[in-house]
Amino acid sequence: MNFDNNEDALGFINRLLERLHQADYINQGSKIEVVYVASGGQHVETQYISLTPNPSPKGEGNFKGREKAKERPVLPDVLCTEEAMALWKKAQEAGYVDSNYQPLISRTQSALLADAMAERLGIREKWKVFEVLWNRKYMYRDYYQALGQQKTLIFQDELKKVLA
């Protein structure tokens, strides 16, 4: 496959690794070969990514060298598009999310952010997508609670400006 930039390639590799892991295809000795080719077809470098499983005591698929708490979450396809990545960047710059796309704001504000992003990106199952990404439940409740708060109106106006 050809990619125009590193973000596209890394996003693809992240999604591929997650799917392989979920399907339990990764076994002892699995590896991915990444070949870097310059424009014009000149070979630049080849890297091998070793996928040695190191199951945790609970049987969770954790890879050697990765700490669960610091593990970068895999973004679902609908949140990896070019437009989505631009929104993530704006949200990070505003201090709403960290570099792992995890919220740095309250639950109600996070629900408003999820709603605003989902609306801009045309995501139908917004709560399901963001609940999985942020490891939260009942975000729709947080959203409706937010709608009843005065400070929410101020935050919604701020969101419109930041995500514009």
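Note that the coordinates shown come from a computational prediction; the quantities given were computed from them, not determined experimentally.

Caption draft 1: Here's a closer look at the nonpolar core. Formed by 31 residues in total, the largest nonpolar core has its most connected members in Leu79, Trp88, Tyr96, Leu113, Phe130, Trp134 and Leu159. Mapped by element, the contributors of at least two residues to this core are α2 (82-93), α3 (107-121), α4 (126-134), α5 (139-147) and α6 (150-162). Not counting chain neighbours up to four residues away, the residues in contact with Leu113 comprise Tyr96, Val97, Ile105, Trp134, Leu159 and Leu163.

Caption draft 2: Focus on the packing of aromatic side chains. Counted under the stated rule, the structure contains six aromatic pairs. Pairing Trp127 with Tyr143 gives two aromatic rings, centres 5.5 Å apart and planes at 50°, and the pair type is tilted. With a gap of 16 residues between them, Trp127 in helix α4 and Tyr143 in helix α5 connect regions that are remote in the sequence. Relative to Tyr144, the ring of Tyr143 has its centre 5.2 Å away and its plane inclined at 75°; by these criteria the two rings are edge-to-face.

Caption draft 3: Representation of the confidence of the model for the protein in the model. When pLDDT is averaged along the protein, the result is 77; 59% of the residues meet or exceed 70. The least confident element of the protein, judged by mean pLDDT, is strand β2 (residues 43-50) at 62; the most confident is α3 at 95. Counted against residues more than four places away or in other chains, residues 54-70, with its pLDDT under 50, gives 18 contacts.

Caption draft 4: Quick peek at the pattern of salt bridges. Summed over the entire model, instances satisfying the criterion amount to three salt bridges. Linking Lys126 and Asp115 is a salt bridge whose minimum nitrogen-to-oxygen distance equals 2.5 Å. Placement of the pair is Lys126 in helix α4 and Asp115 in helix α3, with a sequence separation of eleven residues. Taking relative accessible area as the criterion, Lys126 reaches 22% and is therefore assigned partly exposed. Classification of Asp115 as buried rests on a relative accessible area of 11%. A salt bridge links Glu125 to Lys128; the nearest nitrogen and oxygen atoms lie 3.9 Å apart. As far as burial versus exposure is concerned, Glu125 and Lys128 are alike and both exposed.

Caption draft 5: Here's a closer look at α5. Buried within α5 are the following residues: Met139, Asp142, Tyr143 and Ala146. For α5, the buried positions fall inside an angular range of 100° around the axis, keeping them on one side. Close packing links the buried residues of α5 with α3, α4 and α6.

Calculation criteria
- Residues numbered from 1 in each chain as written.
- Predicted model: local features only at pLDDT ≥ 70, side-chain atom pairs only at ≥ 80, totals over all residues.
- Heavy atoms only, no water.
- Core = buried A, V, L, I, M, F, W, Y, C linked by side-chain atoms within 4.5 Å.
- Buried < 20%, exposed > 50% of the residue type's maximum accessible area, 1.4 Å probe, protein only.
- Helix = DSSP H or I, 4+ residues; strand = E, 2+ residues; numbered from the N terminus.
- Contact = heavy atoms within 4.5 Å.
- Phe/Tyr/Trp six-rings, centres within 6.5 Å; stacked < 30°, edge-to-face > 60°.
- pLDDT = per-residue confidence, 0-100.
- Salt bridge = Lys/Arg side-chain N within 4 Å of Asp/Glu carboxyl O.
- Arc of directions from axis to C-beta.

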